[in-house]
Amino acid sequence: MPPEGALAPQGADGDEDGFGPEAVKAAVGATSAQLADLQRFRAVLEAANANMNLVGPSAMASFWRRHVLDSAQLLALAPHAVTWADLGAGAGFPGLVLAILLKGQPGAQVHLVESQAKRCRFLRGVVDELELPAQVHWARAEDMVAPAVDIVTARACAALARLFAYALPFTSTGARGLFLKGQAAPSEIAEAKAQGWRFTAGLIPSLSDETGRIVSVEGLRRG
């Protein structure tokens, strides 16, 4: 969980539980400029969400914890990584959050892979408005020519057994996988191995949800 004191009331900008921008700053070291970009991202998302249903109303009510902190925590697990791929990028979690936090770093680039055209238009709009180091790919991950990246990630995309097929083009060129999962992560790992996937996996507790897990994957290959 975030450091003691991170749940102090945040006012109108915070979540329903009081978790807000200052709590994110305390938890992951976000700068004032990064928080300003995250606030702008939130405003654009809220406006687009009225027409596109990118995230549910309950999810917007916990934007800073459920979305920002959940995404931002990945950077501490790969502090030297500057190139990322987010598969099934959807509303931009974790990809847009990562791009905001990597903005200004030499060589930073986040590849946002999304198969739905309307979501790609939304993602491109945020990338352009915030001048983020990110590229949107309207494609299915398993069909594209994968750019070389340090880390491939995904959230709420698919069970691991299927997600690995999407991630394989990226891991085959050396990427490590960091996948945001829930409490079913151990059973998903077991199922993936039963379906013939070979890999080394570690489970890391989530900062944003006590039942969440981040699955760290290396050496992914088909059996």
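Our subject is the structure that appears above.
Every chain is numbered on its own, with residues counted from 1 as its sequence reads. Since the coordinates come from a predicted model, pLDDT governs what is reported: local features require at least 70, and pairs of side-chain atoms require 80 or more to be given and counted, while whole-chain, interface and lining totals use all residues. Values shown for side chains rest on all heavy atoms present in the structure; no hydrogens or waters enter the calculation.

Undergrad: Would you mind going over the overall build of the protein in detail, with residue names and values included?
TA: Helix numbers and strand numbers start at the N terminus; a helix is a DSSP run of H or I with at least 4 residues, a strand a run of E with at least 2. Assigned secondary structure in the protein consists of eight helices and seven strands. For the protein, the C-alpha atoms occupy an extent of roughly 50 × 35 × 35 Å along the three principal directions. We call a residue buried when its accessible area falls under 20% of the maximum for its residue type, exposed when it is over 50%, and partly exposed in between, using a 1.4 Å probe and counting protein chains only. Among the 223 residues that make up the protein, the fraction classed as buried is 52%. Should any heavy atoms of two residues lie within 4.5 Å, those residues are considered in contact. Of the contacts made within the protein by residues no fewer than 6 positions apart, 67% connect residues no fewer than 24 positions apart. A total accessible area of about 10000 Å² is found for the protein, and carbon and sulfur atoms account for 50% of it. Using a 1.4 Å probe, the Shrake-Rupley method yields the accessible areas, and only the shown protein chains count as cover for residues.

Undergrad: Break down the environment of Leu 45 for me, with residues and values.
TA: Along the chain, the position of Leu 45 falls in helix α2 (residues 32–52). With 47 residues separating them in the primary sequence, Leu 45 and Gly 92 have C-alpha atoms 9.3 Å apart. Non-local contacts of Leu 45, meaning those with residues more than four positions away in its chain, are made with Leu 54, Val 55, Met 60, Phe 63, Ala 91, Phe 93 and Phe 122.

Undergrad: Before we move on, could you go through the pattern of salt bridges and cite the residues and values that matter?
TA: Salt bridge criterion: a side-chain nitrogen from Lys or Arg within 4 Å of a carboxyl oxygen from Asp or Glu. Across all of its chains, the model carries six salt bridges by this definition. Glu 188 is the partner of Lys 181 in a salt bridge, and the nearest nitrogen-oxygen pair spans 3.0 Å. Pair check on accessibility: Lys 181 and Glu 188 agree, each one buried. One salt-bridge network, held together by shared partners, links Asp 37, Arg 40, Lys 103 and Glu 129.

Undergrad: Let's hear about helix α7 (residues 160–171): which residues, and what values?
TA: Over its 12 residues, α7 runs only 14 Å from end to end, short of the ideal 16 Å by more than 12%, given 1.5 Å per residue. Within α7, nine of the 12 residues are buried, which leaves the element mostly enclosed by the surrounding structure. Working rule for helices: expected span equals 1.5 Å times residues minus one.

Undergrad: Summarise the layout of surface pockets; cite the residues concerned and give the values.
TA: Empty space within the largest pocket amounts to approximately 810 Å³. Cavity: a set of points on a 1 Å grid over the protein atoms alone where a 1.4 Å probe fits but cannot get out. Pocket: an open set with protein on both sides within 12 Å along at least five of seven lines, its lining residues, like those of a cavity, having an atom within 4 Å of a point. Lining the largest pocket are 37 residues, with Gly 88, Phe 93, Arg 155, Ala 156 and Cys 157 positioned closest to its centre. Of all elements in the fold, only α4 (63–77), β2 (109–114) and β5 (176–181) reach the threshold of two or more residues within the lining of the largest pocket. Ranked by the residues each element gives to the lining of the largest pocket, the list is headed by α4, at four residues. Residues that form the lining of the largest pocket fall into these classes: 13 nonpolar, 13 polar and 11 charged. Grid points are joined across faces, edges and corners, and a volume is the space filled by probe spheres set on the points. Gly is put with the polar residues, along with every residue not named as nonpolar or charged; the nonpolar set is Ala, Val, Leu, Ile, Met, Phe, Trp, Tyr, Cys and Pro, and the charged set is Asp, Glu, Lys and Arg.

Undergrad: Could you give an account of the nonpolar core, with specific residues and numbers?
TA: As a rule of thumb, nonpolar side chains are buried together in soluble globular proteins. Grouped together as the largest cluster of nonpolar side chains are 49 residues, with contacts concentrated most on Phe 41, Leu 45, Trp 84, Leu 96, Leu 112, Phe 122 and Leu 132. Contacts of Leu 112, omitting those with residues within four sequence positions, involve Asp 86, Ala 89, Gly 95, Leu 96, Leu 123, Val 127, Ala 134, Gln 135, Val 136 and His 137. Grouped together as the second largest cluster of nonpolar side chains are 28 residues, Ala 85, Ala 154, Ala 175 and Val 215 included. Take the buried Ala, Val, Leu, Ile, Met, Phe, Trp, Tyr and Cys residues and link them wherever side-chain atoms come within 4.5 Å; each set so joined is a nonpolar core.

Undergrad: Help me get a handle on unusual backbone geometry, residues and values and all.
TA: Look at the link from Phe 93 to Pro 94: it is a cis peptide, with omega at 5°. Here Pro 94 shows up in the loop between β1 (83–87) and α5 (95–102). A positive phi angle is found at Glu 131, which is not glycine, with a value near 55°. In this fold, Glu 131 is placed in the loop between α6 (117–130) and β3 (134–138).

Undergrad: Please set out the packing of α2 against α4 residue by residue, giving values where relevant.
TA: Here an axis means a line fitted to C-alpha atoms, over the contact stretch when the element is a helix, while the angle between two N-to-C directions is reported on a 0 to 180 degree scale. Here α2 crosses α4 at 115°, and the two axes come no closer than 12 Å. The two elements α2 and α4 meet at a crossing, and its hand is right-handed. Within the contact between the two elements, α2 uses Leu 35, Leu 38, Gln 39, Phe 41, Arg 42 and Leu 45 and α4 uses Phe 63, Trp 64 and Val 68. Along the lines of polarity and charge, the residues of the contact of α2 with α4 split into seven nonpolar, one polar and one charged. Crossing chirality is assigned from the near helix's rotation relative to the far helix, an anticlockwise turn below a right angle marking it left-handed and a clockwise turn marking it right-handed.

Undergrad: Got a sec to walk through the sheet that holds strand β7 (residues 213–222)? Specific residues and values, please.
TA: When DSSP finds at least two bridges between two strands, those strands are taken to pair. Strand order in the open sheet formed by seven strands is β3-β2-β1-β4-β5-β7-β6, with mixed pairing between adjacent strands. Strand pairing shows two members of the sheet lacking a second neighbour, β3 and β6 (197–205), which therefore form its edges. If you compare each strand with its neighbour and ignore which way they point, the axes differ by 20° on average. Note: β2 against β3, five bridges, orientation parallel. Paired with Glu 114 across the strands is Trp 138, a residue of β3. Relative to the sheet, α4 contacts β1, β4 (151–155), β5, β6 and β7, its axis offset from that of β5 by approximately 155°. In the packing of α6 onto the sheet, the strands contacted are β2 and β3, and the crossing angle to β3 comes to about 170°.

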